[in-house]
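The primary structure of each chain is shown beneath.
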Amino acid sequence: LSYHVNCGSQFYRAGLCYQPNYKNWAPDELYSSPVSDQLILTQEIVPECNGMTELRVWINANGADPNGVTEFILLDVTQNTEVSKINILNSELPGGDWYTLNFQPDWASKGRFYLFSIRGGQEGRIGPRIAYSLRQEYPEVKLYENDQPISKDMIFQTGCIAGLEKLRLTGSP
């Protein structure tokens, strides 16, 4: 008998539960074209857990204009609210690593529909490249390049408060 519980291991240790877990983990194998005012990426996200408080995306800012700005926006479509919006200098973005957005926990995030957009903030400036999965691993959501769906996923993870950390913050598991 075998079964799987999302974030099950977090019930016994501190820290966030990160989902999804990629079957074909190769974040540096495939990247988007550089984001710019001409290329906007939008990833649909449906978290598998409650208590989402982070969203991280794999970015390579090598070759990006260091004085350019990249905009990250996370929208909760279900609640029609902006969860996070931040403009970051390209020089502050990683060259092949996670970039993390932090926000207040959403204790009812499981199954909600979110849109995560990345765009260049200034005309003519080259932005970072965003890691894509080698194939679409999560067919229940879509990735869009300029409103056109493509058959890949952005390599991202939601970070949810679970287990011991959730018990510490809310008093319930």
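Look up: the structure comes first, before these words.
Before going into details, it helps to say that this report is about the structure given with it. (Residues numbered from 1 in each chain as written. Predicted model: local features only at pLDDT ≥ 70, side-chain atom pairs only at ≥ 80, totals over all residues. Heavy atoms only, no water.)

In this structure the tally under the stated criterion is one disulfide. What pairs with cysteine 49 in a disulfide is cysteine 160, and their sulfur atoms sit 2.1 Å apart. Residues cysteine 49 and cysteine 160 share a disulfide whose torsion about the S-S bond is about 75°; that sign makes it right-handed. You can see cysteine 49 sitting in the loop between strand S2 (41-45) and strand S3 (52-60) and its partner cysteine 160 sitting in strand S11 (residues 156-161), a full 111 residues away along the chain. The two residues cysteine 49 and cysteine 160 agree in class, both being buried. (Disulfide = S-S within 2.5 Å. Helix = DSSP H or I, 4+ residues; strand = E, 2+ residues; numbered from the N terminus. Buried < 20%, exposed > 50% of the residue type's maximum accessible area, 1.4 Å probe, protein only.)

Our next topic: unusual backbone geometry. Cis rather than trans, the peptide bond between glutamine 19 and proline 20 has omega equal to 0°. Its identity as a non-glycine residue notwithstanding, asparagine 80 has a phi of 55°, on the positive side. Along the chain, the position of asparagine 80 falls in the loop between strand S4 (69-76) and strand S5 (81-89). Unusually for a residue other than glycine, aspartate 147 sits at a positive phi of about 70°. In this structure, aspartate 147 sits in the loop between strand S9 (143-145) and strand S10 (148-150).

Turning our eyes to something else, we now look at the environment of serine 117. Position of serine 117 among the secondary structure elements: in strand S7 (residues 114-120). Relative accessible area serves as the criterion here: at 11%, serine 117 is assigned to the buried category. Separated by 42 residues in the primary sequence, serine 117 and leucine 75 have C-alpha atoms spaced 8.5 Å apart. If we ignore the near neighbours within four places in the chain, the residues touching serine 117 are Leu41, Thr42, Glu71, Phe72 and Ile73. Separated by 3.1 Å, the side chains of serine 117 and threonine 42 make a polar contact. (Contact = heavy atoms within 4.5 Å. Polar contact = N/O pair within 3.5 Å; in protein donor to acceptor, adjacent residues only side chain to side chain.)

By themselves, these figures tell us nothing about what the structure is for.
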